[in-house]
Amino acid sequence: MKRVYLDHMATTPCDPKVVSAMLPFFTEHFGNALSSYDLGVKAREAVEEARVKVANLINAEEREIIFTSGGTEANNFALKGLAYAHQKKGKHIIVSLVEHHSITNPARMLEKEGFEVTFLPVDRYGVIDLNFLEKVLKDETILISVQLANPEVGTLQPLKEIVSLAEKVGAIVHTDAVAAIGQIEVDVQRLGVHALSISAHQFYGPKGVGALYLKKGTRIQPLIYGGIQEGGKRGGTENVPGIVGMGVSAELVKENLSKWKPRMQALRDKLIKGLLERISHIHLTGHPERRLPGHASFIVEFIEGEAMLLMLAMKGIYTSSGSTCTSKALKASPVLSSMGFPAHLIQGSIMFSLGKDTTEEDIDYVLTEMPPIIEKLRELSPFKEGWRDMEKWEESCPHQ
Amino acid sequence: MKFLDKPPKVDLSVDIVHLMCPVHLLELNEAIKQIELGQILELVTDYERALEDVPRWCEVFGQEFLGVIENGEILKFYIRRIK
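Please read all numbers here as calculations on a predicted model, not as lab measurements. (Residues numbered from 1 in each chain as written. Chains lettered and ligands numbered in written order. Predicted model: local features only at pLDDT ≥ 70, side-chain atom pairs only at ≥ 80, totals over all residues. Heavy atoms only, no water.)

J.: I keep staring at the interface of chain A and chain B and nothing clicks. Help me out?
T.: Many analyses report the size of an interface as the accessible area lost when the parts associate. Taken residue by residue, the interface counts 12 residues in chain A and 11 residues in chain B. Between chain A and chain B the total buried area reaches about 880 Å² when both faces are included, carbon and sulfur atoms providing 62% of it. Our enumeration of links across chain A and chain B arrives at 2 salt bridges. Between Glu73 of chain B and Lys88 of chain A there is a salt bridge, with its nearest N and O atoms 3.5 Å apart. (Contact = heavy atoms within 4.5 Å. Buried area = accessible area lost by both parts, 1.4 Å probe. Salt bridge = Lys/Arg side-chain N within 4 Å of Asp/Glu carboxyl O.)

J.: Where do I start with unusual backbone geometry in this structure?
T.: A negative phi angle characterises most non-glycine residues, just as the trans form characterises most peptide bonds. In the segment running from Cys21 of chain B into Pro22 of chain B, the intervening peptide bond is cis, with an omega of 0°. The phi dihedral of Asn59 of chain A falls on the positive side, at around 60°, and the residue is not glycine. By the secondary structure assignment, Asn59 of chain A is in the loop between helix H2 (38-57) and strand S2 (65-68). What makes Asn59 of chain A partly exposed here is its relative accessible area of 38%. A positive phi angle, close to 70°, is found at Tyr204 of chain A, a residue other than glycine. Along the chain, Tyr204 of chain A falls in the loop between strand S7 (195-199) and strand S8 (210-214). Classification of Tyr204 of chain A as buried rests on a relative accessible area of 3%. (Helix = DSSP H or I, 4+ residues; strand = E, 2+ residues; numbered from the N terminus. Buried < 20%, exposed > 50% of the residue type's maximum accessible area, 1.4 Å probe, protein only.)

J.: Quick question: what am I supposed to make of the pattern of salt bridges here?
T.: A side chain of one charge can pair with a side chain of the opposite charge if their charged atoms are brought near each other. All names here are of chain A. Under the counting rule described, the total for this entry stands at 25 salt bridges over all chains. Residues Glu230 and Arg51 are paired through a salt bridge, measuring 2.7 Å at the closest nitrogen-oxygen approach. One end of the pair, Glu230, is in the loop between S8 and helix H8 (240-278); the other, Arg51, is in helix H2, with 179 residues separating them in the sequence. Take Arg51: its relative accessible area is 8%, and that puts it in the buried class. Between Lys168 and Glu134 there is a salt bridge, with the nearest N and O atoms lying 3.4 Å from each other. With Lys168 in helix H6 (residues 159-169) and Glu134 in helix H5 (residues 130-136), the pair connects residues that are 34 residues apart, well separated along the chain. Since its relative accessible area comes to 60%, Lys168 is described here as exposed. If you follow the salt bridges from partner to partner, you end up with Lys2, Glu361 and Asp362 in one network.

J.: Please explain the packing of H8 of chain A against helix H13 (residues 360-380) of chain A as it appears in this structure.
T.: Helix-helix packing is characterised by the crossing angle of the two axes and by the distance between the axes. All names here are of chain A. Between H8 and H13, whose axes approach to 10 Å, the crossing angle comes to 15°. In terms of orientation, H8 lies roughly parallel with respect to H13. Crossing of H8 over H13 shows right-handed handedness. Contact residues: H8 offers Leu267, Lys270, Leu271, Gly274, Leu275 and Arg278, while H13 offers Glu360, Ile363, Asp364, Val366, Leu367, Met370 and Pro371. A class-by-class count of the residues in the contact of H8 with H13 yields 8 nonpolar, 1 polar and 4 charged. (Axes fitted to C-alpha atoms, helices over the stretch in contact; angles between N-to-C directions. Parallel < 35°, antiparallel > 145°, perpendicular 65-115°, else oblique. Left-handed = near helix turned anticlockwise from the far one by under 90°. Nonpolar A, V, L, I, M, F, W, Y, C, P; charged D, E, K, R; others polar.)

J.: How do you make sense of the confidence of the model for chain B when you look at a structure like this?
T.: Should pLDDT be low for a region, the predicted coordinates there are not to be read in detail. When pLDDT is averaged along chain B, the result is 95; 100% of the residues meet or exceed 70. Interface scoring of the predicted complex returns ipTM 0.75; its pTM is 0.91. (pLDDT = per-residue confidence, 0-100.)

J.: Mind showing me how you'd approach the sheet that holds strand S5 (residues 141-145) of chain A here?
T.: Strands in a sheet are paired, the pairing made by backbone hydrogen bonds, and the direction either parallel or antiparallel. Residue and element names in this part refer to chain A. Within the open sheet, the 7 strands sit side by side as S2-S8-S7-S6-S5-S3-S4. Their pairing is mixed. Edge positions in the sheet fall to S2 and strand S4 (116-120), since each of these pairs with one other strand and no more. The mean inter-strand angle of the sheet, taken between neighbouring strand axes irrespective of direction, is 20°. Sheet topology places S2 next to S8; 4 bridges connect them, and they run antiparallel. Within S8, the residue paired with Ile66 across the bridge is Leu212. Taken strand by strand, helix H3 (residues 71-85) contacts S2, strand S3 (92-96), S5, strand S6 (172-176), S7 and S8, and its axis lies near 165° from that of S5. Contacts from helix H4 (residues 101-112) reach S3, S4, S5 and S6 within the one sheet, and its direction differs from that of S4 by about 150°. (Pairing = 2+ DSSP bridges.)

J.: What is the right way to look at the sheet that holds strand S9 (residues 282-285) of chain A in this model?
T.: Residues and elements named next belong to chain A. Within the open sheet, the 3 strands sit side by side as S9-S10-S12. Their pairing is antiparallel. The open sheet terminates on both sides in strands that have one partner only, identified here as S9 and strand S12 (349-353). On average, each strand axis in the sheet is tilted by 30° relative to the strand beside it, whichever way the strands run. Where S9 and strand S10 (residues 295-300) come together, 4 bridges link them in antiparallel fashion. By the bridge assignment for S10, Ile282 is matched with Val300.

J.: Would you take a moment to explain the pairing of S8 of chain A for this structure?
T.: A regular strand places its side chains on the two faces of the sheet in alternate fashion. Residues and elements named next belong to chain A. Among the 5 residues in S8, 5 count as buried, and that is most of the element. Here 5 bridges tie S7 to S8, and the two strands are oriented antiparallel to one another. By the bridge assignment, Leu196 is partnered in S8 with Tyr213.

J.: Got a minute to help me understand helix H2 (residues 50-61) of chain B in this structure?
T.: Given 3.6 residues per turn, any residue in an α-helix points the same way as the ones three and four places further on. Residue and element names in this part refer to chain B. Between the first and last C-alpha of H2 there are 15 Å, a value that for 12 residues agrees with the 16 Å anticipated at 1.5 Å per step. Along H2, the positions that sit buried rather than exposed are Ala50, Asp53, Val54, Pro55, Trp57 and Cys58. Each element contacted by the buried residues of H2 is listed here: helix H1 (23-33), strand S2 (40-45), strand S3 (64-71) and strand S4 (74-80). Downstream of H2 by a residue or two, Gly62 has a phi angle that is positive, lying close to 70°. (Expected span 1.5 Å × (residues − 1).)

J.: What's the story with the packing of aromatic side chains in this structure? I'm lost.
T.: Aromatic ring pairs are reported here in terms of the distance separating the ring centres and the angle at which the planes meet. Residues and elements named next belong to chain A. A complete count under the given rule lists 5 aromatic pairs over all chains for this structure. A ring pair is formed by Tyr84 and Phe115, whose centres lie 6.2 Å apart and whose planes are at 55°; its orientation type is tilted. Highlighted residues: Tyr84 in helix H3 and Phe115 in the loop between H4 and S4, separated in sequence by 31 residues. The exposure class assigned to Tyr84 is partly exposed, which follows from its relative accessible area of 21%. A residue is classified by how much of its surface remains accessible, and Phe115, at 4% relative accessible area, is buried. Summarising the aromatic geometry, the rings of Phe298 and Phe352 are spaced 6.1 Å apart at their centres and angled 75° between planes, so their arrangement reads as edge-to-face. With a gap of 54 residues between them, Phe298 in strand S10 and Phe352 in strand S12 connect regions that are remote in the sequence. (Phe/Tyr/Trp six-rings, centres within 6.5 Å; stacked < 30°, edge-to-face > 60°.)

Written out as structure tokens, the structure reads:
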């Protein structure tokens, strides 16, 4: 059966070059990067080489890269580590309502510990409200964390404007760039942020490895105490094969993104246009222009999302209804709720995320296979009567 | 312990607040190489055991320990490179 993978926000396939670079570090070069003999030196050199590649990808210095076990750890580290390290200045933190759980949950934890947390609202496209941010900023604000791009709706956030506002009160800005890397160019100098999280498996690297960029001179309290690895900021024997793989995938993105991006964008536009033409009562979610080049997300009215995903998967089309973790917990997406969508519409959410290897044939296949599935599901739907009564439903959709 | 009332003129300051043993000594070891003979290094830390370790390190490695300034939880150590 044909397989069309359009869920690159959940994870990406490891590039064969990444895998072949990693393999010798499981067997031949298995040394601990801290050991002083040649096996250790080889591992240490490989880690440092990968650090340079990751730094180059985001235009940072290599000493500003701290390797972690992935995006979730990098986000937890940023939130807690920066909050604890700067609490003498104040205890006010700002995060947006559409952040990943690895940001909102540590923020809620910090709130229990006595920090004051403000959750930033978003508009119907998922863009944070800059006026609201300006109003809630105060001298006690120490940290603002807003993602670079939302993985569920693909919307890009105005990071530069956030950084300018933060400067007025001397707050640190962290951004979760996990969804953005591999889709758009990310330059920490241009963004002006103090900290930025990335995860290798989102850009053709292995799972279980990520990094936190931390601008030099920014204090952080370690999340994991241990040895001297990562300059004492993150203890634990380095995941050498993973880090090597992340380095290669970073290099791959740096070299090829300018070729991948226009291709993904053209295919995304074809998919959006094609689905809007072929299916009635379908709405694009997220920002129409300021969105990731490989991201198309929709709400399909009068159907149940999980059934739609399963039927697409039976045709070999792999997509998602939103954040993978939210989908597993069968919870209404907090991202779409924050954007003002009522629960009955959220259940029909679907997102396609394209990658470097997505082809025009893949998109054509989706455009052929998806409309009959929707038609069939609507026939079976308990909303069958309702969806013919358009007036009733149109009132409830903010995207009309 | 030699506590200073005011800091001397510093040539390099290294901030290792929130980092613990043995990073404080590894950073000290690296930082001292970055200044010239006669110049002064400031090591900023909140690691209390540095109060014992830094003067001892100066003794072992033959550098001049000028003293420390304590400001709440923050300790600032001053070391002159003499070799």
